[in-house]
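# Architecture and fold: a report
One letter stands for each residue in the lines below.
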Amino acid sequence: MAVDTSSQSVAKAAGDVARGRSRGTGKPETKLKRSLSTHWYAWAMVAPVTVVIAVIIGYPLFRGIYLSLTDANERNVARSIGVNEIPATYEFVGLDNYTEALTGDQFLGTLGWTLVWTVACVSVTFVLGLGLANMLNRRIAGRSFYRMLLILPWAVPGFVSVFAWRFLYNQDNGLLNKILAGGGIDAVPWLNDPTWAKFSVIAVNVWLGVPFMMVALLGGLQSIPGELYEAAEMDGASAWQRFRNITLPGLRSVSTTVILLSTIWTFNMFPVIFLLTRGGPGEATQILVTQAYKFAFEISPRDFAQSSTWGVLILVLLMLFAAVYRRVLRKQGEVW
Amino acid sequence: MRRGIAAIALVSALAVSATACGGDDGGDTGKKSSGELSGTVTWWDTSTVGSEDKVFKKIAEDFTKKHPKVTVKYVNVPFGEAQNKFKNAAQSGSGAPDVIRSEVAWTPEFADLGYLAPLDGTAALKDEDDFLKQAAASTKYNGKTYAAPQVIDSMGIFYNKKIFKEAGVEVPKTIDELKTVSATIKDKTGKTGLYLRGDDAYWFLSFLYGEGGDLVDAKNKTITVDNESGVKAMKVVKDLVTSGAAKTDATDGWNNMQTAFKEGKVAMMINGPWAVADTYAGPEFTDKANLGVAPVPAGSAGQGAPQGGHNLAVYAGSKNLDASYAFTEYMTSAETQAQVAKELNLLPTRTSVYSQPGVASNEIVGFFRPVVDKAVERPWIPETGSLFAPLVTEYTKVLTGQTTPEKGAKAAGDAYRKLLKDWK
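Model, not experiment: these values are computed from the prediction.

On inspection of all chains with the given rule, the structure shows four cavities of 30 Å³ or more. Taken as a whole, the largest cavity holds about 70 Å³ of empty space. Around the largest cavity sit Arg166(A), Tyr169(A), Asn170(A), Gln171(A), Leu191(A), Asn192(A), Asp249(B), Thr251(B), Asp252(B) and Asn256(B), which together line it.

Listed below in structure tokens is the structure:
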């Protein structure tokens, strides 16, 4: 025992000499140990969240990436049905799925329409939202009533609104065509003609997206100090000049955020397209996510590999977009 | 070592609870040991909601009169969703029904994926020889029988006799006649002649067969959808729509078609016996005699209607296999089929039922019987259930002018070639 003690104290002394006034014993794991002993509570609090996130986000993500490198489909994945035990027989195929997606015209064609859809939806929604927010920022009679009315589309569950629109758009029995017929206009094939169908899905998405834009921008507008406008007015700035030089810069931080969010949401806006047209007529309104869904659930045999490939490509595209967007903003002196 | 003990304890606790779960389920099985069937049989029906489903629900629940210890859970799943829903449930191993009403084309596909229990030698196939040959064909896969045929059907023209009288026209027998009849109807009554579903490729089949085409030729392992006849058929339907002889829809086709026909807005539609009960419910057909049924118009190669129908199949993972077999037998028995034929005008799959009183005199059944005999059977390969998805996309594209008939047929053929490797 005595020998042990002395050798320990010698080692300790050596350590102390080497590292000056350190109270540590010099062994690397003790730092961790100490941090654990002082912060164990924080670690314990964080652990469940970490585990849950790893399970519900990490696992599917990596599984998806893995599947996109195989030729998995409904026929060759493992399944056990009652007495039938069928083992997995799919194989690793490397980047074949990606080559196929990126060289064929289906992915690029769908991507083209997805971009048109995203840009059209986001720009129209933003302009409308900005206009309405400006209107509601003035003192007008019944302001709170209008505000409530304009937020309504947001309060209704998305699929309910979309189904309502589907009834409105019905070519023979829909309300829109009945109104048009009253004005002597021929029925419009809202969802049956490829061009009209594209117009229709964008219109519904704009209708659904305006409330969010409006509320966010209204909040931004209200944070712009009124003195700025007063001063500008004193200097004889016109309404347009005030809007350009005070309102827009004042809204920049809000609008950059909502545009980024709205772009990501619209790019992946599954319910509107799926419930309104199912990507039809033909494939005219199919965006990347609805097409990926179609691969995984609607065609048979279900093509899990191709679907995951498209999913990964969507993720990469959106990450690229966010990175570029952020860089552009940073150049303009914006930080978020 | 302590940790080791804890792990073992945990594992064994899990194992115990797992077997306990299994035990619970086991207590519910319809083992024949007691001589009496028990348990729950969940049945997914896909019949038309609002008309057919009521009758099927009642018949299904009457099963408990014979087997009081069995509970029948009737679930109506819309036909358009059932194939996917069943696959989701069957693959994940939870939520699948014990018995499913499987469309004929789905049956070999489900069997191939291992979702169905083989029925040979079970109670489900009683008097197997009584089944019509064409009806039984789709239930066989790899030498085993995976389903019992419940109903068989084909397609014909449904027409509104009142409108035909008003316009002074006869039922068209060929596509050319169809066009002139439609034109006369439009002139005289202002109504559209034919409603052609543009969102479901099944409605394209009689035109494809009429031109002498087919989806695939299973015997010679050849894809035929994009040959000359296939292209011609695409041109025919396209021409019907652009010439105004027919109207079409790319969304909600079934509802729009039924509404338009039931309200007398169109004079004709192509449909099968499954639509009869729903059609009778329409204001235009309160007098049932107003509904006329005729064979589909012939194309350049003759008349051709597809043979369809539904089977009852048992899920391989069912916990109550014996009760499910008995239920399948009951639902496809001669008595049940006779009742369904009388009440819903659906065609029985058993030869003996056709001679029963009430069935023999049924006008719709009487009309469709010879049609079914002549109807074109699809190839009963596992991929049969996969052939419509690519076709419907191209068919809709052709009808809405997004592609030409030639390109549409070619694209469908290419998709088939991808699906059926090493076919020509």
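Here we take up the UniProt feature "domain: ABC transmembrane type-1" (unreviewed entry) in chain A. UniProt marks residues 111–325 of chain A with the feature "domain: ABC transmembrane type-1" (unreviewed entry), using the numbering shown here. Secondary structure across residues 111–325 of chain A comprises 78% helix and 0% strand; the distance between its end C-alpha atoms is 19 Å.

Before going further, it helps to spend a moment on the UniProt feature "transmembrane region" (unreviewed entry) in chain A. Residue and element names in this part refer to chain A. UniProt annotation of "transmembrane region" (unreviewed entry) refers to residues 40–62, 115–136, 148–168, 199–221, 254–276 and 307–325 when read in the numbering used here. Between the end C-alpha atoms of residues 40–62 there is a gap of 29 Å, over a span that is 100% helix and 0% strand. Secondary structure across residues 199–221 comprises 100% helix and 0% strand; the distance between its end C-alpha atoms is 30 Å.

Our focus in this paragraph is the sheet that holds strand β6 (residues 147–153) of chain B. Residue and element names in this part refer to chain B. Ordered by their spatial adjacency, five strands build an open sheet running β2-β1-β3-β14-β6, and the pairing between neighbours is mixed. On the outer flanks of this sheet lie β2 (70–76) and β6, each paired with one strand and no other. Between one strand axis and the next, the sheet turns by 20° as a mean value, whatever way the strands run. Packed onto the sheet, helix α2 (residues 52–61) meets β1 (39–45), β2, β3 (99–103) and β6 and runs at close to 165° relative to β2. Sitting on the sheet, helix α13 (residues 321–331) is in contact with β1, β2, β3, β6 and β14 (308–314), with an inclination near 155° to β14.

Residue and element names in this part refer to chain B. Here we have five strands laid out as an open sheet, ordered β11-β8-β12-β7-β13, and mixed in their pairing. Both edges of this open sheet fall to β11 (246–249) and β13 (291–295), since each of them pairs with a single strand only. Across the sheet, the axes of successive neighbouring strands diverge by a mean angle of 30°, strand direction being ignored. With four bridges connecting them, strand β7 (residues 156–160) and strand β12 (residues 266–271) associate as antiparallel partners. The residue bridging Ile157 from the neighbouring strand is Ile270, located in β12. Packed onto the sheet, helix α15 (residues 363–374) meets β7, β12 and β13 and runs at close to 10° relative to β13.

At the junction of the two partners, chain B supplies 35 residues and chain A supplies 32 residues. Of the roughly 2600 Å² buried where chain B meets chain A, counting both sides, 40% is carbon and sulfur surface. When the area that chain B buries against chain A is broken down by residue, the three leading residues are Gln91(B), Leu113(B) and Thr251(B), summing to 21%. The tally of links from chain B across to chain A stands at five salt bridges. Linking Lys247(B) and Asp172(A) is a salt bridge whose minimum nitrogen-to-oxygen distance equals 2.9 Å. Our enumeration of links across chain B and chain A arrives at 15 residue pairs in polar contact (both at pLDDT 80 or more). Elements represented by at least two residues in the side of chain B that touches chain A include exactly α4 (79–92), α5 (106–112), β11, α11 (253–262), α16 (388–399) and α17 (405–419) of chain B. Per element, the largest residue contribution to the side of chain B that touches chain A is six residues, and it comes from α4(B). Classifying every residue of the side of chain B that touches chain A by side-chain character gives 10 nonpolar, 15 polar and 10 charged.

To continue, consider the nonpolar core. In a soluble, globular protein the nonpolar side chains are often hidden away together inside. Ranked by size, the top nonpolar core spans 136 residues in total, and within it Phe86(B), Met268(B) and Leu391(B) carry the most contacts. Counting residues domain by domain, this core receives three or more from each of domain 1 (39–153 + 308–374) and domain 2 (156–305 + 387–419) of chain B. Ranked by size, the runner-up nonpolar core spans 53 residues in total, among them Val188(A), Met213(A), Met214(A) and Val289(A).

To continue, consider the packing of α2(B) against helix α14 (residues 334–344) of chain B. Residues and elements named next belong to chain B. It is the contact of α2 with α14, at a shortest axis distance of 11 Å, that shows an interaxial angle of 155°. Relative to α14, the element α2 is oriented roughly antiparallel. Here α2 runs over α14; the crossing is right-handed. Contact residues: α2 offers Glu52, Val55, Phe56 and Ile59, while α14 offers Thr336, Gln339, Val340, Glu343 and Leu344. For the contact of α2 with α14, the per-class residue count stands at five nonpolar, two polar and two charged.

What counts as what
Residues numbered from 1 in each chain as written. Chains lettered and ligands numbered in written order. Predicted model: local features only at pLDDT ≥ 70, side-chain atom pairs only at ≥ 80, totals over all residues. Heavy atoms only, no water. 1 Å grid on protein atoms, 1.4 Å probe; cavity = no way out; pocket = protein on both sides within 12 Å on 5 of 7 lines; lining within 4 Å. Points joined across faces, edges and corners; volume = space filled by probe spheres on them. UniProt positions renumbered as here; feature names shortened; annotations may be inferred. Helix = DSSP H or I, 4+ residues; strand = E, 2+ residues; numbered from the N terminus. Pairing = 2+ DSSP bridges. Axes fitted to C-alpha atoms, helices over the stretch in contact; angles between N-to-C directions. Contact = heavy atoms within 4.5 Å. Buried area = accessible area lost by both parts, 1.4 Å probe. Salt bridge = Lys/Arg side-chain N within 4 Å of Asp/Glu carboxyl O. Polar contact = N/O pair within 3.5 Å; in protein donor to acceptor, adjacent residues only side chain to side chain. Nonpolar A, V, L, I, M, F, W, Y, C, P; charged D, E, K, R; others polar. Core = buried A, V, L, I, M, F, W, Y, C linked by side-chain atoms within 4.5 Å. Buried < 20%, exposed > 50% of the residue type's maximum accessible area, 1.4 Å probe, protein only. Domains from an automatic or database assignment. Parallel < 35°, antiparallel > 145°, perpendicular 65-115°, else oblique. Left-handed = near helix turned anticlockwise from the far one by under 90°.

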